[in-house]
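# Architecture and fold: a report
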Amino acid sequence: EEAVVPNVPFAACIEQFSDTENIEGFVSPITRERGIAEKSVRFKSFPPYLVVQMRRYYIDQNWTPKKLDVVVEAPQELDLEHLRSIGLQPGEDLLPEEDAATSASGAAPQPDETIVAQLVSMGFSENGSKRAVLATGNSSVEASMEWVLAHMGDADFNDPISSTAGS
């Protein structure tokens with residue numbers, strides 16, 4: 001008997017991608033305080049061609065990476081005009097460039113040890129976990145896990161973090 005594979009509309013994927021995301025535990029590069037931040041994705045301009053990578057991995061309730069077995073048919077033409085950026089909105093602040101934030105604090109960013117410990121408990125190396133947490137700006141376990149899954153084959157994944165790491 002042939003397995004039934006769900007068909008996910010491409011538009012649903014775009015909407016999921018463009019939804020505003022709350023990031024709990026966000027560490028401000030200016031104040032170094034932990035809080036909640038909102039993240040959204042918008043386009044300033046549109047390229048003539050857009051390459052889209054489907055992220056079909058997720059983390060189950062046991063913190064085990066799993067792959068979704070779904071079909072997503074992409075259209076030949078795509079209207080993303082509703083995702084065009086209209087600039088900074090009231091109440092929004094731009095984050096400083098990473099170099100400016102680092103030089104203002106005078107120290108290299110440090111990985112959030114709580115996130116590192118959670119990744120290590122999932123079976124990833126400490127150095128790889130630190131690298132993931134720094135690469136995602138200490139944002140969340142989920143973001144760091146996605147980074148790990150995308151970069152665990154990198155030659156330097158398990159190398160010790162240098163004092164200039166994180167970029």
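Residues numbered from 1 in each chain as written. Predicted model: local features only at pLDDT ≥ 70, side-chain atom pairs only at ≥ 80, totals over all residues. Heavy atoms only, no water.

Turning to helix α5 (residues 141-151), its buried residues number three or more, namely V141, S144, M145, W147 and V148. Within α5, the buried residues cover an arc of 160 degrees as seen down the axis, which keeps them to one side. (Buried < 20%, exposed > 50% of the residue type's maximum accessible area, 1.4 Å probe, protein only. Helix = DSSP H or I, 4+ residues; strand = E, 2+ residues; numbered from the N terminus. Arc of directions from axis to C-beta.)

Next up on the list: the pattern of salt bridges. This structure, assessed with the given rule, holds 6 salt bridges. Here E81 makes a salt bridge to R84, at a shortest N to O gap of 2.7 Å. Taking the relative accessible area as the measure of exposure, R84 reaches 34% and is therefore partly exposed. Linking K130 and E126 is a salt bridge whose minimum nitrogen-to-oxygen distance equals 3.4 Å. (Salt bridge = Lys/Arg side-chain N within 4 Å of Asp/Glu carboxyl O.)

On to the pairing of strand β2 (residues 34-39), then. Where strand β1 (residues 21-27) lies against β2, 6 bridges are found, and the strand directions are antiparallel. If you follow F26 over to β2, its bridge partner there is G35. The turn linking β1 back onto β2 is made up of 6 residues, and R32 within it adopts a positive phi angle of 65 degrees. (Pairing = 2+ DSSP bridges.)

This is a description of form; function is not addressed.
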